[in-house]
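# Structure assessment
Below, each chain spelled out in residue letters.
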Amino acid sequence: QVQLVESGGGLAQPGGSLRLSCAASGFTFSSYAMSWARQAPGKGLEWVSGIYSDGSDTYYADSVKGRFTISRDNAKNTVYLQMNNLKPEDTALYYCAKDKRAIVTPSNREYDYWGQGTQVTVSS
């Protein structure tokens, strides 16, 4: 069955960095776009970033553009989110999600599987 397992969350200081990983199994990873989304306490789910199945294109929410970088290693069935210059407002539970198609854009996303999430807390 499809499994998405996030890791790499934790506590970081403002201006610090974290790298999230999402290990995928149970499907042909290289055939599907992947995304990261987050949910802050008391707020709705926010899409953060997406990457094409072959890694050829990436998209970011305006709130993280220039600070976060999404990447994937199809040989390792893993998608990453490098988060730099973290801000307290980045505090959230971060999820990775599998799209139903090979491409994903900010306005065209269709997920069918989600991970359990990894907590990121940014505080001094």
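Residues numbered from 1 in each chain as written. Predicted model: local features only at pLDDT ≥ 70, side-chain atom pairs only at ≥ 80, totals over all residues. Heavy atoms only, no water.

### Digging into the overall build of the chain
Secondary structure summary: the chain contains 0 helices and 11 strands in total. Counting from the amino terminus, helix and strand elements in the chain follow one another as β-β-β-β-β-β-β-β-β-β-β. Computed over C-alpha atoms, the radius of gyration of the chain comes to 13 Å, within 12% of the 14 Å expected from 2.2 N^0.38 for 124 residues, which places it in the range of a compact globule. Judged by the C-alpha coordinates and their principal axes, the chain covers about 40 × 25 × 25 Å. (Helix = DSSP H or I, 4+ residues; strand = E, 2+ residues; numbered from the N terminus. Rg over C-alpha atoms; globule rule 2.2 N^0.38 Å.)

### Points about the nonpolar core
Counting 31 residues, the largest nonpolar core has M34, W36, F68, V79, L81, M83 and Y94 as its most contacted members. Contributions of two or more residues to this core are made by β3 (18–25), β4 (34–39), β5 (45–51), β7 (68–73), β8 (78–83), β9 (92–99) and β11 (118–122). With residues up to four places along the chain from it excluded, the contact list for L81 reads L18, R19, L20, W36, V48, S49, F68, T69, I70 and Y94. (Core = buried A, V, L, I, M, F, W, Y, C linked by side-chain atoms within 4.5 Å. Buried < 20%, exposed > 50% of the residue type's maximum accessible area, 1.4 Å probe, protein only. Contact = heavy atoms within 4.5 Å.)

### Remarks on the state of the cysteines
Under the criterion given, the structure shown has 1 disulfide. The disulfide partner of C22 is C96, and the gap between their sulfur atoms is 1.9 Å. With C22 in strand β3 and C96 in strand β9, this residue pair connects regions lying 74 residues apart in the sequence. We note that C22, like C96, is buried. (Disulfide = S-S within 2.5 Å.)

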